[in-house]
Each structure stands twice: as C-alpha cells, then as structure tokens.
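Topology and contacts: notes
Listed here are the chains, written in short residue letters.
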Amino acid sequence: MMRTAPTAPEPMCDLPTAFTPCEFRVKWADGAWEINEARRLRRLVFCIEQGLFGGGDDIDAIDAHAQPLVALSCVGGMSDQVVGTVRIHPGLNEGDEGVWWGSRLAVHPAFRSHGRLGATLIRLAVSSAHARGARLFLAHVQAQNRALFEKLHWQWLKDETLHGRPHCLMQADLAQYPPCHDPLTGYVAQSRVRA
C-alpha cells in the first residue's frame, strides 16, 4: 500500500500575520519597566548601532537627575514595547534657572518609518519642560539630525564635537511648544505604516 505525504493544513485566514501598531503613546516614563526598556533602547542605538560609547552602556551622571520619556507601541490600547525615548532635565550649573536640556533621543530601528515618533518625543520633551518653567530649551543634536530639528522650530547655535562625532548645539523656539501640563498622559502618534 502506497502512502502519500501529509499535506500542510490550509490557512484559516488570509489576513496578514505581521502586526503593525496603529498608534503609539508618547509620555513621561513612570514605572521601572518603562525606564529599564528606555535604557535598553539607548544601549541598542548608542552603543551597538552607533558605537558611541565603550563598555556597552551610555548611562552617565545626568541620568540621576533626568526625566526619561518613552514612545510606547500599543496593542489594543495597552502598552506593548518601548520603541523610542529621550530624556530631559533642568540645567545643573549655577545660574541655570529656567534652562532645560534634552538628550539621548533614540527610536528603535524597526520603528523609524512608522510615524513621527522622534518629532513627538521632541514635542513632549520641550512642551513638558515649558510647563515646568523652562525659558530656554537646548540640546546637542547629532549633525545628521539638524534638518529635522530645524523643521521642528529649532535654531542652530554652533557646531561641536561630542563623543568623537559632529553635533550641533540647538535651541527650541518655545513659542512653538505650548506647555503640556499632563506629561504622564502625553500624546498619541498615529502610525503611517499599514500592514
């Protein structure tokens, strides 16, 4: 008796199996999971992808004073994964009252084309600092990102070299960033990628 090879079962559904989030929540990190995942993402981008920091970590003294922000992919309205991050903090030097800084802006490589995640992180960073009394918001921006920041109403101040890479010291136009008084709720960014 001749046996035939088993055949693969027919698919039950023709819908795509790859999932693409339709929205992202951008907010202040407020739990250990969000903070730890933001740091993991920073290591991926700044240590592994860009090779900016030796030793496999980019944590520095600013982290003790900084407020991390996160972009979270959402599944059914629930946070699923940290896909973007930035940190903000008031100036730490004498006479820095009202001066705020942003740094370590990172978006996961797989999500860079999904929406305006970087722009929304920048918007919340500046707007939430503005709500806390910022009269000046500055950042050292990697030179390749200068055009993005200029589109978002930032002004170039000077060129610098940090961590062996070209950077620009830039200043946000606070008039373009209304204060955000509820950064734990933050903003929603819609995905522009459809599965």
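Data block above holds the structure.
Okay, so let's go over this structure. (Residues numbered from 1 in each chain as written. Predicted model: local features only at pLDDT ≥ 70, side-chain atom pairs only at ≥ 80, totals over all residues. Heavy atoms only, no water.)

**Here's the deal with the pairing of strand E2 (residues 67-75)**
A large share of E2 lies buried, amounting to 8 of its 9 residues. As paired strands, strand E1 (residues 23-28) and E2 are joined by 5 bridges and run antiparallel to one another. When the sheet's bridge partners are listed, Val 26 is paired in E2 with Ala 71. Where E2 meets strand E3 (residues 78-90), 9 bridges bridge the pair, whose relative direction is antiparallel. Bridge pairing in E3 places Leu 69 opposite Val 86. (Buried < 20%, exposed > 50% of the residue type's maximum accessible area, 1.4 Å probe, protein only. Helix = DSSP H or I, 4+ residues; strand = E, 2+ residues; numbered from the N terminus. Pairing = 2+ DSSP bridges.)

**A look at the pairing of E3**
A regular strand places its side chains on the two faces of the sheet in alternate fashion. Taking the residues that link successive antiparallel strands as the turn, the E2-E3 hairpin has 2 residues, and the phi of Gly 76 there is positive, at about 60°. Relative to strand E4 (residues 99-107), E3 is paired through 6 bridges, and the arrangement is antiparallel. Residue pairing for E4: Pro 90 is matched across the bridge by Trp 100.

**As for helix H2 (residues 117-131)**
With 15 residues, H2 should cover 21 Å at 1.5 Å per step; its first-to-last C-alpha distance of 21 Å lies within 8% of that length. H2 sits mainly inside the fold: 12 of its 15 residues count as buried. Residues of H2 that are buried include every one of Leu 117, Gly 118, Ala 119, Thr 120, Leu 121, Ile 122, Leu 124, Ala 125, Val 126, Ser 127, Ser 128 and Ala 129, and no others. Two residues or fewer past H2, Gly 133 is found with a positive phi of approximately 100°. (Expected span 1.5 Å × (residues − 1).)

**Examining the pattern of salt bridges**
Applying the stated criterion across every chain, the model contains 13 salt bridges. One salt bridge connects Glu 49 with Arg 112, and the closest N-O pair in it is separated by 2.8 Å. Of the two residues, Glu 49 sits in helix H1 (residues 32-49) while Arg 112 sits in the loop between E4 and H2, which places them 63 residues apart along the sequence. In this structure Glu 49 comes out as partly exposed when scored by relative accessible area, which is 41%. Residue classification places Arg 112 among the partly exposed residues on the basis of a relative accessible area of 38%. Across the pair Asp 60 and Arg 87 runs a salt bridge, and its minimum N-O distance is 2.9 Å. With Asp 60 in the loop between H1 and E2 and Arg 87 in strand E3, this pair connects stretches of sequence that are 27 residues apart. Judged by relative accessible area, which is 2%, Arg 87 ranks as buried. One continuous salt-bridge network, built from bridges that share partners, spans Arg 42, Asp 58, Asp 60, Asp 63, Arg 87 and Arg 104. (Salt bridge = Lys/Arg side-chain N within 4 Å of Asp/Glu carboxyl O.)

On their own, these measurements won't tell you what the molecule is for.
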